[in-house]
Amino acid sequence: MADLVLAAFNARYAHCSFGARYLLANLGELQEQSRLLEFDLQIQPRIAAEKILAHNPRVVGIGCYIWNIELATKVAALLKSIRPGIKLILGGPEISYETEEQEIFQHADHVICGEGEIEFPKLCRQYIHHEGTKDTKSANNYDGEIGTPSCSSSLRGKMIHAKPVDVSQIELPYDLYSDEDIAHRAIYVEASRGCPFKCEYCMSSLDPKVRYFPEEKLFAAFGKLLDRGARSFKFVDRTFNINISFALKVLDFFRERYKPGMMLHFEVIPDHLPDELMDAVKACPPGMLQFEIGIQTFNEKVAHRIQRPLDIEKIEANMRRLREETGVHIHSDLIAGLPGEDLESFEAGFNRLLALNPQEIQLGILKRLRGAPIAQHTAEWEMVYSPHTPYEILQTSLIPFDQMQRIQRFARYWNLTVNNGQFI
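Everything quoted here is computed from the prediction, not taken from an experiment. (Residues numbered from 1 in each chain as written. Predicted model: local features only at pLDDT ≥ 70, side-chain atom pairs only at ≥ 80, totals over all residues. Heavy atoms only, no water.)

Draft legend 1. Highlighting the packing of aromatic side chains. Per the counting criterion, the structure on display carries 24 aromatic pairs. Their ring planes at 65° and their centres at 6.5 Å tell us that F222 and F233 sit as a pair that is edge-to-face. In this pair, F222 is assigned in helix α7 (residues 215–227) and F233 in strand β10 (residues 232–235), connecting sequence segments 11 residues apart. Overall, F222 belongs to the buried group, its relative accessible area being 0%. Judged by relative accessible area, which is 0%, F233 ranks as buried. With a centroid separation of 5.2 Å and an interplanar angle of 85°, the aromatic rings of F253 and F254 are classed as edge-to-face. F253 sits in the buried class, given a relative accessible area of 9%. (Phe/Tyr/Trp six-rings, centres within 6.5 Å; stacked < 30°, edge-to-face > 60°. Helix = DSSP H or I, 4+ residues; strand = E, 2+ residues; numbered from the N terminus. Buried < 20%, exposed > 50% of the residue type's maximum accessible area, 1.4 Å probe, protein only.)

Here it is as structure tokens:
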């Protein structure tokens with residue numbers, strides 16, 4: 001039995017829920033009364049509801065993401081139909097924007113928009129310990145930082161708009177990775193939150209302040225993971241190399257503890273690789289580092305339109321150096337369907353990136369993430385998005401639907417063949 005169940009619906013078994021573990025780590029005394037249940041997208045909604053209800057919870061928390069929202073909506077509907085008295089708390093990027101328009105919102109008692117490590121435990125204590133409230137009615141009028149400009153007054157208390165947390169004050173979740181997680185699943189970690197750039201297709205542009213975790217606390221946690229046998233670390237930082245001195249400390253820490261099989265995945269800014277960072281990268285054994293390098297477009301007018309800064313000469317020079325002088329595995333990204341880019345421009349960008357010889361080229365189709373500023377270009381460029389997740393672009397004024405379908409098929413088969421190493 002558990003008073004609180006955190007239900008995570010992951011894209012596949014190999015992925016752990018990073019967000020749910022953060023919430024669990026910051027529950028304090030409630031952690032002993034809580035359970036984390038993880039499912040992949042193959043779970044039947046009724047089976048998931050059955051497993052959740054078997055714990056007889058008073059509160060259920062569900063993280064909502066672009067990949068799981070359909071499944072999460074079905075499970076939420078079942079939970080509230082079978083046990084209406086359960087308090088259902090939702091959070092995550094997919095429910096944090098355009099919230100009231102979504103079906104799952106109708107089933108929720110509360111939605112926490114933004115980072116939940118502080119607000120979620122507060123809310124759970126009101127229901128489980130009745131802190132700050134004498135009855136359910138007052139608990140439903142939770143007095144956190146509530147509402148958004150689009151919220152109607154009748155929903156006050158249901159919407160909780162959380163401020164970005166002080167990362168030095170929250171508990172890290174890494175002890176909550178099980179031995180099975182470490183042996184078989186991706187281990188997600190982070191050294192910072194936020195992004196100073198304003199790329200309009202990206203949700204990270206909405207959090208402009210980069211916040212770094214305290215080094216002593218962070219490296220102690222990484223050391224414990226290494227001692228437990230963790231070898232593969234996927235850093236979710238949006239701008240790993242924006243602060244060169246901090247990036248160097250992270251690389252030095254892991255290089256000094258290197259063992260065969262260690263792999264660190266970072267998202268890096270391709271035009272910000274000064275010599276001191278390049279020298280540190282060179283010192284790492286081949287295969288230790290994987291860099292995700294988001295190019296997105298080589299069209300400077302398009303890049304300017306979506307507020308993505310480009311220094312193409314520096315990008316190309318740095319990528320050549322990485323391939324010629326280091327053992328880094330490069331995973332590079334392009335996005336099709338950006339406002340103002342036609343098929344010819346996209347083709348030219350692909351050929352330009354291919355000439356730089358990255359090990360992988362991920363060809364993405366533009367998605368209209370909820371809350372992302374890319375929506376402001378919809379009318380001018382006649383951008384039509386799918387109403388179904390993952391909300392990919394279907395056509396623009398410059399790329400008709402049949403051409404977008406060609407790009408999508410090309411992207412799929414490029415990934416199945418070249419990226420997977422089958423037909424280099």
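Draft legend 2. Fine view of the pattern of salt bridges. Applying the stated criterion across every chain yields a total of 25 salt bridges. Between E38 and R21 there is a salt bridge, with the nearest N and O atoms lying 2.7 Å from each other. Here R21 lies in helix α1 (residues 18–25) and E38 lies in strand β2 (residues 34–40), a separation of 17 residues in the sequence. Given the relative accessible area of 24%, E38 is considered partly exposed. A salt bridge links E98 to R368; the shortest N-O distance between them is 3.0 Å. Highlighted residues: E98 in the loop between β4 (87–91) and β5 (110–113) and R368 in the loop between β14 (360–365) and β15 (384–385), separated in sequence by 270 residues. When salt bridges with common partners are traced through the structure, they connect E115, E117, E190, R193 and R211 into a single cluster. (Salt bridge = Lys/Arg side-chain N within 4 Å of Asp/Glu carboxyl O.)

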